[in-house]
Amino acid sequence: MEDVLRPLIVFGGAFVLAWVIAWGVDRLLVHLDARHPETPMWGLLRRGRVPLQAVFFVALVRGFFGSTHLASENRQTADLWLTTIMIAASAWLALRVVTAIAETAATRYAGIAQDPARARRVRTQLTLIQRLVTAVVTVIAVAAVLLQFPAMQTFGTSMLASAGVLGIVAGIAAQSTLGNLFAGLSIAFGDMVRIGDTVVVDGEWGTVDEITVSYLVVLTWDERRITMPVSYFTSKPFENWSRGGPQMTGTVFLHLDHTTPVDELRAKTEEVVRASDSWDGRNWSLVVTDSTPSTIEVRASMTARTADDIWTLRCEVREALITWLRDKHPYALPRLRTAREPGTEGFDDPDIRKI
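These numbers were taken from a predicted model, which means no experiment stands behind them.

Trainee: Where do I start with the environment of Ala304 in this structure?
Mentor: Among the structural elements, Ala304 can be located in strand β8 (residues 296-304). The class of Ala304 is buried, set by a relative accessible area of 0%. Filtering out sequence-adjacent residues up to four positions away, Ala304 remains in contact with Gln247, Met248, Ser278, Asp280, Arg282, Asp309 and Ile310.

Trainee: What's the story with the pairing of β8 in this structure? I'm lost.
Mentor: Within a regular strand, the side chains alternate between the two sheet faces. Among the 9 residues of β8, 7 are classified as buried, and the element is accordingly described as predominantly covered. Strand direction decides the pairing type here: strand β7 (residues 279-291) and β8, joined by 8 bridges, are antiparallel. Among the inter-strand pairings, Ser285 is bridged to a residue of β8, identified as Ser301. Taking the residues that link successive antiparallel strands as the turn, the β7-β8 hairpin has 4 residues.

Trainee: Which parts of the structure should I look at to understand the pattern of salt bridges?
Mentor: Two side chains carrying opposite charge are able to pair once their charged atoms lie near each other. Counted according to the given criterion, the structure contains 14 salt bridges. As a salt-bridge pair, Asp26 and Arg46 come within 2.9 Å of each other at their nearest N and O atoms. A residue pair is termed long-range when its members are at least 10 positions apart, and Asp26 in helix α1 (residues 2-35) and Arg46 in the loop between α2 (41-45) and α3 (49-63) qualify at 20 residues. We classify Asp26 as buried; its relative accessible area is 4%.

About the cut-offs
- Residues numbered from 1 in each chain as written.
- Predicted model: local features only at pLDDT ≥ 70, side-chain atom pairs only at ≥ 80, totals over all residues.
- Heavy atoms only, no water.
- Helix = DSSP H or I, 4+ residues; strand = E, 2+ residues; numbered from the N terminus.
- Buried < 20%, exposed > 50% of the residue type's maximum accessible area, 1.4 Å probe, protein only.
- Contact = heavy atoms within 4.5 Å.
- Pairing = 2+ DSSP bridges.
- Salt bridge = Lys/Arg side-chain N within 4 Å of Asp/Glu carboxyl O.

Shape descriptors only; they carry no functional weight alone.
Put into structure tokens, the structure is as follows:
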């Protein structure tokens, strides 16, 4: 009976004590979060309560394991699994702490930064650093767990003899992966593209939604998500509408008849632009940029604060001008003449009609 009670007391007592310690740490974090609402770190650290409890549980069990009087073969198996749990829980806790630090730094910098573009740059860098640390911690934890098993140790020793050849093969096989990894670091610290930037890639207009060490996600205007390797942005040209400041100049092109009253159209353009909330007040213009035997090309340009505003303003101007021309000057809209124009009644020569 004693052989059963001792392990139960040790394991049960360790679990209860670990729960109490983790609960006490959690209450302390709640108190700190209430006293310092300006920083989210203490609230984010509460996510590590479960792995912290696991770490304390394993530490207490290992410390009092001798009191269980278990046989030596049982102790070896228990030590193996306790060590595995300790490694996994420690890695889990470390990742929780890294996530809390990264999110806190990004939030606090976004609150004090005067330049939104710089805040997005810092957030992109912190996100990639967090993902790199996550990958490193995960690899180390998995390797440490595998090394606890004798069979894996033997396997690892036997593979050392061919490590050189395997390294060359792995390097060739992972060439694309490594290229994306270095491209991701180049994007993060080269300020090429940031989370939240408005970009145009392969003719698709959208916003950078996520950046990892290997791929980048662009959220399009119609809520599609395009996943692209980060190496694309270091090897091919793309448009970044947010780089160098969010303000933009947009254009609207109209193909009209030669009889269009350009001065009146220019005045109407000014009226529409100035009445729009999307215009930033910097500049606008309307000029005739080209002509053909049947039409003229009119370009209206205007400025706005952001890419979203310029898109809205362009649509408003285009719709307002077409509506105004249709209602006030319908003759200015391009058309195919299928009826005789006034004043051409004398041209009844059959040879001319054949032309």
